[in-house]
Amino acid sequence: MIMKISKLISVLSLCTLAVAITGCDDSKSACNGYVCRSEKSNKYLETTDGKTYIPVGMNICFPRFLTEEEAVLADYEKKFAELQKNGANWVRIWLSHQFFEIEDEKEGVYNPKKIARIDRIFDLADKYGIRLKLCFEHFIHLVDKKPFLKFSTAPAFDKRIYHKDYGGSFSKLEEFFTTEKGKQVYLNRARVFAERYKNRKCVFAWEVWNESNCISLKERVKIISKWNSEILPELKKMFPNHMVVMNLSSYDKALVHKHYDAMNIDPNNDVTQIHNYINEGHSIVECKSSVDIMAHHGISHMLKLTPNKPILFDEIGAASPNHVSGPHKGYETDKDGIFILDQTFVPFFCGACGTGMSWHWEYYIQKHNLFYIYARFNKAIEGLDPIKEDFKPHYFETANMRVYVLDGKDTMIAYCRDKNNWWKTELTLKQKAKELSGEKVSFAKFVPNVKSVEIYQPVADKSMSANVATDGNIVLPDFLRATVVRIKK
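Residue numbering note: each chain is counted from 1, following its sequence as written. Per-residue local features are limited, in this predicted model, to residues with pLDDT of at least 70; the limit for side-chain atom pairs, both in listing and counting, is 80 or more; totals at the level of whole chains, interfaces and linings are taken over all residues. Side-chain descriptors were evaluated using all non-hydrogen atoms of the structure, hydrogens and water having been removed beforehand.

Colleague: Before we move on, can you summarise the overall build of the chain with the specific residues and values?
Modeller: Numbering goes from the N terminus for both helices and strands, where a helix is a DSSP run of H or I of at least four residues and a strand is a run of E of at least two. For the chain, the helix and strand inventory stands at 14 helices and 18 strands. Its C-alpha radius of gyration of 23 Å places the chain within 12% of the 23 Å reference for a compact globule of 489 residues. Projecting the C-alpha coordinates of the chain onto the three principal axes gives extents of approximately 75 × 45 × 40 Å. Only protein chains enter the accessibility calculation, which uses a 1.4 Å probe. A residue is then buried if its area is under 20% of the maximum for its type, exposed if over 50%, and partly exposed in between. With 489 residues in all, the chain has 59% of them scored as buried. For the chain, long-range pairs separated by at least 24 residues make up 72% of all intrachain contacts whose partners lie at least 6 apart in sequence. With the model as given, the accessible surface of the chain reaches about 19,700 Å², and the carbon-plus-sulfur share is 51%. Here Asp and Glu are counted as negative and Lys and Arg as positive; His is not counted, and neither are the chain ends. Note that the charge is assigned to NZ on lysines, CZ on arginines, CG on aspartates and CD on glutamates. Here the chain contributes 69 positively and 61 negatively charged side chains, and the mean placements of these two sets differ by 1 Å. Our radius of gyration is a C-alpha quantity, and the globule rule it is checked against amounts to 2.2 Å times the number of residues to the power 0.38. It only takes one pair of heavy atoms within 4.5 Å for two residues to be counted as in contact. To be clear on the numbers: accessible area is Shrake-Rupley with a 1.4 Å probe, and residue cover counts the displayed protein chains and nothing else.

Right, here's the structure in full:
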């Protein structure tokens, strides 16, 4: 049965229905407090119960291979359990994918079966302590005659039920974004979620749109910037306990850089987000380089663009040239997690508030069972509180390493990346990685008098100490691909 919630059900009766299906009560949730920006250190996040929150996780936006409801939900539970087991606490989901889409047959009509399905995702999040970043929309056309993606569960990038030819209110896409009617259609759908989930603590944030600068409009930056400036405050009123965020497409071309400069500065956007991928097509040079170079390029630009906001690498991965045929071919053989090591670690060590959030969940992470990388990230930063440390990011190079430093009040911690081994040498050229041996590095600029050094090697999953030479250099134990150096001040 389909029901039109905005007309047939009041706010009170909607909450009653929520209890009847799965319950609005999240008192048994493993998620404590709501996530918000820290007032003590504006680059980081905390929860309203006073604890620092470092987002660790990945995208699981939609089911990629499964279609049957119970099979999909069982698979989500399996992923959530693996994430919890390895200390992850965050996932992203597209509410507009056909598996979750509540407005699936007619504009303004919402499917209670889909709502109940989303309830079950919320309950899994509560059970496993996973925060949800929920993306409201992703379409870029009203009617798309040439679907971009071909696999059976591929998200449709149009919303034809909004087009007049299919019973909707709009004859062209511009009308949706420039009229009061279009604004209300969007907000009415969002209101269904607000009435149901605005008090759920497992929500990390609500995301306005996926890569809105890709929407097929002639003056999209001008139109969407204005639309965002109107929609973001409305969503904040609907979700007073939650953050509201936006995102843009891959930061891989000069034109897209201009989009970020124009759109990502909206004051109502709670967290500055970035998307980018290894892309050997028509992209900037950083996207054809090592993952750490690409990640550092993006985060450093966002730090300059919005210096007083947390930054999150919301999508990071490796794609085929120009994104035309899915994931990077290197994923097929990357059983050692060469890509995901840097995808996870580097954004945080460049100054982001959390890990990089990898894409290609089934093609890569689940296929090779790489969830353990999150546990190793947590080991690397165990005991650190970035809010108390108020970390400042720095970067330098040695002959053999690129070094990403977080310099805090009591601790300096650095991710040291071997320049000699990376995805191209190992996966494309098939050159076996070699340990970097006898490397020396100085952190005297940050810690003038080093007395003791702790080392964590994420590839080997080993912790040890390092020697300090008479000249003040730190002699690093031999390591493969990357090592983490921690010094107490």
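Following the structure, the description resumes.
Colleague: Go over the nonpolar core with me, naming the residues and quoting the values.
Modeller: By convention a nonpolar core is built from buried Ala, Val, Leu, Ile, Met, Phe, Trp, Tyr and Cys residues, the set being connected through side-chain atoms within 4.5 Å. Core analysis: the biggest nonpolar cluster contains 137 residues, and F80, L132, F177, Y186, W206, L235 and F349 have the highest contact counts within it. Setting aside anything within four residues of it in sequence, one finds W206 in contact with L95, F122, L134, F136, F193, Y197, F239, H242, M243, V244 and V245. Among the nonpolar cores identified, the runner-up in size contains 20 residues, and A414, L436, V453 and I455 belong to it.

Colleague: Can you explain the pairing of strand β10 (residues 311–318)? Please cite residues and give values.
Modeller: Burial within β10 is extensive, with eight of its eight residues counted as buried. With seven bridges connecting them, strand β9 (residues 272–278) and β10 associate as parallel partners. The partner of Y277 across the bridge, within β10, is G317. In this fold, the crossover linking β9 to β10 by way of helix α9 (residues 291–305) has right-handed handedness. Two strands pair if DSSP finds at least two bridges between them. Looking down the strands as they point away from you, a crossover is right-handed if its path from the first strand over the helix to the second goes clockwise.

Colleague: I'd love a proper account of the pairing of strand β6 (residues 131–135), names of residues and values included.
Modeller: With respect to burial, β6 is a largely interior element, five of its five residues being buried. Of the two faces of β6, both are covered, the one formed by R131, K133 and C135 as well as the one formed by L132 and L134. Here strand β5 (residues 90–94) pairs with β6 via five bridges, running parallel. Within β6, the residue paired with V91 across the bridge is L132. Between β5 and its parallel partner β6, the chain crosses via helix α4 (residues 112–128), and the hand of that crossover is right-handed.

Colleague: Requested: an account of the sheet that holds strand β15 (residues 453–457), with residues and values cited.
Modeller: Pairing is antiparallel in the open sheet, where eight strands are placed in the order β11-β12-β13-β18-β15-β16-β17-β14. Bordering the open sheet on either side are β11 (392–397) and β14 (440–441), each of which pairs with just one other strand. Simply put, an axis is a line fit to the C-alpha atoms, just over the touching stretch for a helix, and the angle between two N-to-C directions goes from 0 to 180 degrees. Packing of helix α10 (residues 338–349) onto the sheet brings it into contact with β12 (401–407), β13 (411–418) and β18 (482–488), and relative to β13 it is tilted by some 150 degrees.

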